[in-house]
Amino acid sequence: MKKYDYIILGSGLSGLLIAYRMANDAWFDDKEILIIDKEIKNQNDRTWCFWEEPNGEFDSILSKTWEKAFIGNQDFQQSFDLHPYLYKMIRSSDFYKLVFDQISSKSNFTFINDEIIHWKTIENSVEIIGKNQSYFGNYLLNSFFNINPLLNQKKYPYLKQHFIGWFIKTKEELFDDSEVKFMDFTIEQDGNTRFMYVLPTSKTEALFEYTLFSEDLLENGEYENAIKTYLQNRGINDYEIIEKETGNIPMTCFPFHKQNLVRVLFIGTAGGWTKASTGFTFFNSKKQSEKLIEFLKNNQNLAKFHQKNRYWFYDLILLEVLHQNNELGAALFGRLFQKNSIQNIFQFLNEEGTLFSDFKVMLTLPKQIFIKATFRALWKLRG
C-alpha cells in the first residue's frame, strides 16, 4: 500500500489553498501528496470576497472589484472610499480551475474520489478509511468539519452567519457597479442582526444576499421573501434569477486547534480558520495556509501549529455581545463604521492593526456593554 507524505482531506477552500502553495513551492517537489474528496470541484458553488490592496496573489482570477462601499442602519448611512484597499470578488469555479491546473502539472500530486468513513493515527503514520479503500500518510490535513464538539459545550458563544443569495439580471441598467453594499442594516431587524449584502457585478447584474448573524436558521422562504421585498422597495421588479447561493458559517472562538495531533491538523472551518466575529473565510484561510507551508518545512509536530493572538480575544468579546444582545448588531456595526475610518476597521478585522489603532477602534463601541462582555469573556477563560 502506497504511503503519502501528506494527505489532504477535502478539496474546499483551505485544502486547495494548501495544495496550491505546495505545488508552487519546490520544497514539496519530492513529497507525495494525496487529495481525497467525494466529488470534483469545478462549479460556481461559492463566492468569496475580501478586502486587500491591489496587485494581490489572486488578482488574475478576480471577477470583480469595488472601490467604494456602503454601510448603513436606520440612523447612519454612508458610502466610503476604500483606498488603498479594493473589495475583491472571486467565483469558486475560477479558483478551482487555477488550483487544479497547477497541481495537474505536478507528478507528485494525486487526486482520488472517495467518501471518507473514518481516520485514525497508527505508529508513525495516519490511516484514512474510505468507502473504496484505505490510504496511509505521514501527515493528515483534515478539512472535514465535525460540529459535535462545538454543540456539546456552553463555554464559547456560537452564532451562525447564514444567508441565501440571488444573482439577478435586469433588462435595464439599475445598479451602480462601482459600489458594494457591504452591510445594509436599514431592513427590519426582527430581534436579530440582519443585513442585506449587495454585490453589483455590472449595471444589470448583482448578487443580493439576505444575511443574519444569529443562533437560529430561518425557513428558506423567509430569506427569499426578504430579498424579494428589498428589491420591490427599490423599484426592482423586472428581473431574472440566474443563480442561487446559500451559506451557514459558524462564528465562534471555540478552540478547534485542541483537536490537532502530532500528525493531524484540522484546517479551514474545522480548524477555526474562519474569522469568528464576521464569518469571513477567504482572507483568513489565505494567511493561515501561507503560515502552514512555512511551518511544515521546519516542524514535525502539527499540534504546535496554532498560535493564539489578541484578535482571538477581541472576537470573543464581540461574540459575547452579539450572543447576549443579538438585536444590537445594526447599532454596533453602524457605530463602528461611523466613528472610525474604514481603513482602520479593515486593518482591525484583517488582524493587521497596531495595539494603539486596535484600542481606538474598541473604544468607539458602547463602553458599558463591552465592559460587561469583557468580564464575561475573562470569567469563562478562568473556568
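Structure: above.
Values in this document were obtained by computation on a predicted structure and should not be read as measured data. All residue numbers here refer to positions counted from 1 along the written sequence of the relevant chain. Per-residue local features are limited, in this predicted model, to residues with pLDDT of at least 70; the limit for side-chain atom pairs, both in listing and counting, is 80 or more; totals at the level of whole chains, interfaces and linings are taken over all residues. Side-chain metrics rest on all non-hydrogen atoms present in the structure, leaving aside hydrogens and water.

Okay, helix H5 (residues 282-296) next. Each turn of an α-helix holds 3.6 residues, which means side chains three or four residues apart point in the same direction. A run of H or I in DSSP becomes a helix once it reaches four residues, and a run of E becomes a strand once it reaches two; helices and strands are each numbered from the N terminus. Here the expected length of a helix is defined as 1.5 Å per residue gap, with one fewer gap than residues. A rise of 1.5 Å per residue sets the reference length of H5, with its 15 residues, at 21 Å; its end C-alpha atoms lie 21 Å apart and thus fit the reference within 8%. Throughout, exposure labels follow a simple rule: accessible area from a 1.4 Å probe, protein chains only, divided by the maximum for the residue type, with under 20% read as buried, over 50% as exposed, and the rest as partly exposed. Within H5, eleven of the 15 residues are buried, which leaves it mostly tucked inside the rest of the structure. Contacts are residue-level and defined by heavy atoms, with any inter-residue pair within 4.5 Å sufficient. For H5, the elements touching its buried residues are strand S1 (3-9), helix H1 (13-23), strand S3 (47-52), strand S7 (86-91), strand S11 (134-142) and strand S17 (264-266).

With that settled, consider the pattern of salt bridges. Salt bridges are identified by distance alone: a Lys or Arg side-chain nitrogen within 4 Å of an Asp or Glu carboxyl oxygen. One pass over the structure, following the stated rule, counts 23 salt bridges. Asp37 serves as the salt-bridge partner of Lys41, at 3.9 Å between the closest nitrogen and oxygen. According to the relative accessible area criterion, Lys41 is buried, its value standing at 14%. Where Arg376 meets Glu320, a salt bridge forms, and the shortest distance between an N and an O atom there is 3.0 Å. Residue Arg376 is found in helix H10 (residues 367-382), and its partner Glu320 is found in helix H6 (residues 310-324); the two are separated by 56 residues along the sequence. The class for Arg376 is partly exposed, based on a relative accessible area of 27%. Residue classification places Glu320 among the buried residues on the basis of a relative accessible area of 1%.

Next up on the list: the packing of H1 against H5. The convention used is that axes are lines fitted to C-alpha atoms, helices contributing only their stretch in contact, and that angles between N-to-C directions extend from 0 to 180 degrees. Between H1 and H5, the shortest axis-to-axis distance is 9 Å and the interhelical angle comes to 45°. If you check the angle between H1 and H5, you find them oblique. In this structure, the crossing between H1 and H5 has a hand that is right-handed. In this structure, H1 contributes Leu13, Leu17, Ile18, Arg21 and Met22 to the contact, and H5 contributes Phe282, Ser285, Lys286, Ser289, Glu290, Leu292, Ile293 and Leu296. Classifying every residue of the contact of H1 with H5 by side-chain character gives eight nonpolar, two polar and three charged. Each angle receives one of four descriptions, namely roughly parallel if under 35 degrees, roughly antiparallel if over 145, roughly perpendicular if within 65 to 115, and oblique otherwise. What makes a crossing left-handed is the near helix being turned counterclockwise from the far one by less than a right angle; a clockwise turn instead makes it right-handed. Under the scheme applied, nonpolar residues are Ala, Val, Leu, Ile, Met, Phe, Trp, Tyr, Cys and Pro; charged residues are Asp, Glu, Lys and Arg; polar residues are all the others, including Gly.

Here we take up the sheet that holds strand S6 (residues 77-81). Read across the sheet, seven strands follow the order S6-S5-S13-S14-S15-S12-S16 without closing on themselves; strand pairing throughout is mixed. The outermost strands of the open sheet, each flanked by one partner alone, are S6 and strand S16 (239-252). Between one strand and the next, the sheet's axes are offset by a mean angle of 15°, whatever the strand orientation. Running over the sheet, helix H4 (residues 220-233) touches strand S12 (158-170), strand S13 (179-184), strand S14 (193-200), strand S15 (205-214) and S16 and is turned about 50° from S12. Note: two strands are recorded as paired if DSSP finds a minimum of 2 bridges between them.

Attention now goes to the packing of aromatic side chains. Side-chain rings of Phe, Tyr and Trp (the six-membered ring for Trp) are treated as a pair once their centres are within 6.5 Å; stacked means planes under 30 degrees apart, edge-to-face means over 60, and tilted covers the remaining angles. On inspection of all chains with the given rule, the structure shows 41 aromatic pairs. Chaining the aromatic ring pairs together yields one cluster made of Trp51, Trp66, Phe80, Tyr85, Tyr87, Phe182, Phe280, Phe337 and Phe346. Counting as a charge over the ring demands two things of the Lys NZ or Arg CZ atom: a distance within 6 Å of the ring centre and an angle within 35 degrees of the ring normal. We note Lys31 situated over the ring of Trp27; from NZ or CZ to the ring centre the distance is 4.0 Å. The positively charged end of Arg263 is found above the aromatic ring belonging to Tyr139, 5.2 Å away from the centroid.

Close contact between H6 and H10 brings their axes to 9 Å; oriented N to C, the two are set at 115°. If you check the angle between H6 and H10, you find them roughly perpendicular. Two packed elements cross with a definite hand, and for H6 against H10 that hand is right-handed. Facing Trp312, Phe313, Leu316, Ile317, Leu318, Glu320, Val321 and Gln324 of H6, the residues of H10 in contact are Ile369, Phe370, Ala373, Thr374, Arg376, Ala377, Leu378, Lys380 and Leu381. Of the residues assigned to the contact of H6 with H10, the class counts are twelve nonpolar, two polar and three charged.

Our focus in this paragraph is the sheet that holds S3. With respect to topology, three strands assemble into an open sheet ordered S3-S7-S4, the strand pairing being antiparallel. Pairing within the sheet leaves two strands with one partner each, and these edge strands are S3 and strand S4 (64-66). Neighbour-to-neighbour, the strand axes of the sheet open up by a mean angle of 20°, direction not taken into account. Pairing of S3 with S7, which is carried by six bridges, proceeds in the antiparallel orientation. Note on S7: the bridge partner recorded for Thr47 is Arg91.

Attention now goes to unusual backbone geometry. The peptide bond linking His83 to Pro84 adopts the cis configuration, its omega dihedral lying at 10°. With respect to the helices and strands, the residue Pro84 is situated in the loop between S6 and S7. Of note in the backbone geometry, Asp190 takes a positive phi value of approximately 50° without being a glycine. Relative to the helices and strands, Asp190 is located in the loop between S13 and S14. Phi at Glu351 takes a positive value of approximately 60°, unusual for a residue other than glycine. Checked against the element boundaries, Glu351 lands in the loop between helix H8 (342-349) and helix H9 (355-363).

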